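Chain and residue survey
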Amino acid sequence: MNDIAKHYDLLIDENNDPVHDPEPLRKYMDKWDGQGFIESLELNKSKSILEIGVGTGRLAIKIAPLCSEFTGIDLSEKTIIKAKENLADFENTNLICDNYLSVNLGKTFDVIYSSLTFMHIKEKQIAINKVFDLLNNNGIFALSIDKNQSNTIDAGISKISIYPDNPAEIESYIKSSGLTIIKQYETEFAYIFIAKKKLK
């Protein structure tokens, strides 16, 4: 198991579950994505969704009721177990414990999104190229990246290394993948990119 999965497994052991955070803390987390981010996904009951880095389902619990099929992937087994508990009321969910970069999902999606996960991915161009491959034509990719440029996360007794997201580089990766950026904006703590797969 890698350090990232261990870090998030430990958070579950400490009963850290953002789905059940008190309202002030949920509003704080919204500063990285929030309602505007969800609206940018242009959800409806016919669409299939993939979340990269689903966590315990903080965003998924809002999005699963608004789509036909929801797939979430995460590295941490304990996090996925908790997400399955949190999303148990939704029969349209499929939660997978695996590495996004190497897993074969066997299908494509109308919407792919990720919030605060790409800092754990070193091969960012490869990750975004895979988004392009997994998106249906006219599909939407929404990405929230942290403004913090630290290369570590303090995990209490230890620190784990991360790969901070540079907005100019992310913009370049998205364009290089073949996706078309249709909107960029900032929240208090994040840069948001909304892109579309437009095949001629």
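Higher on the page you've got the structure.
The text that follows walks through the structure, step by step, so that each part is easy to find. These numbers come from a predicted model, not from an experiment.

So, about the side chain of aspartate 74. Along the polypeptide, aspartate 74 turns up in strand E2 (residues 69-74). The charged side chain of aspartate 74 is buried without a salt bridge, its nearest counter-charge being arginine 58 at 11 Å. A polar contact is formed between the side chain of aspartate 74 and the backbone nitrogen of valine 54, at a distance of 3.4 Å. Setting aside residues up to four positions removed in sequence, aspartate 74 forms contacts with Gly53, Val54, Gly55, Thr79, Ile80, Ile96, Cys97 and Asp98.

Glancing now at the packing of helix H6 (residues 124-134) against helix H7 (residues 167-177). H7 packs onto H6 with a crossing angle of 40° between their chain directions and a minimal axis gap of 9 Å. As the angle between them shows, H6 and H7 are arranged oblique. By crossing handedness, the relation of H6 to H7 is classed as right-handed. Across from Lys124, Gln125, Ile128, Asn129 and Phe132 in H6, the residues of H7 making contact are Ile170, Ser172, Tyr173, Ile174, Ser176 and Ser177. Grouping the amino acids of the contact of H6 with H7 by side-chain chemistry returns five nonpolar, five polar and one charged.

Criteria and cut-off values
Residues numbered from 1 in each chain as written. Predicted model: local features only at pLDDT ≥ 70, side-chain atom pairs only at ≥ 80, totals over all residues. Heavy atoms only, no water. Helix = DSSP H or I, 4+ residues; strand = E, 2+ residues; numbered from the N terminus. Buried < 20%, exposed > 50% of the residue type's maximum accessible area, 1.4 Å probe, protein only. Lys, Arg positive; Asp, Glu negative; His and termini not counted. Salt bridge = Lys/Arg side-chain N within 4 Å of Asp/Glu carboxyl O. Polar contact = N/O pair within 3.5 Å; in protein donor to acceptor, adjacent residues only side chain to side chain. Contact = heavy atoms within 4.5 Å. Axes fitted to C-alpha atoms, helices over the stretch in contact; angles between N-to-C directions. Parallel < 35°, antiparallel > 145°, perpendicular 65-115°, else oblique. Left-handed = near helix turned anticlockwise from the far one by under 90°. Nonpolar A, V, L, I, M, F, W, Y, C, P; charged D, E, K, R; others polar.

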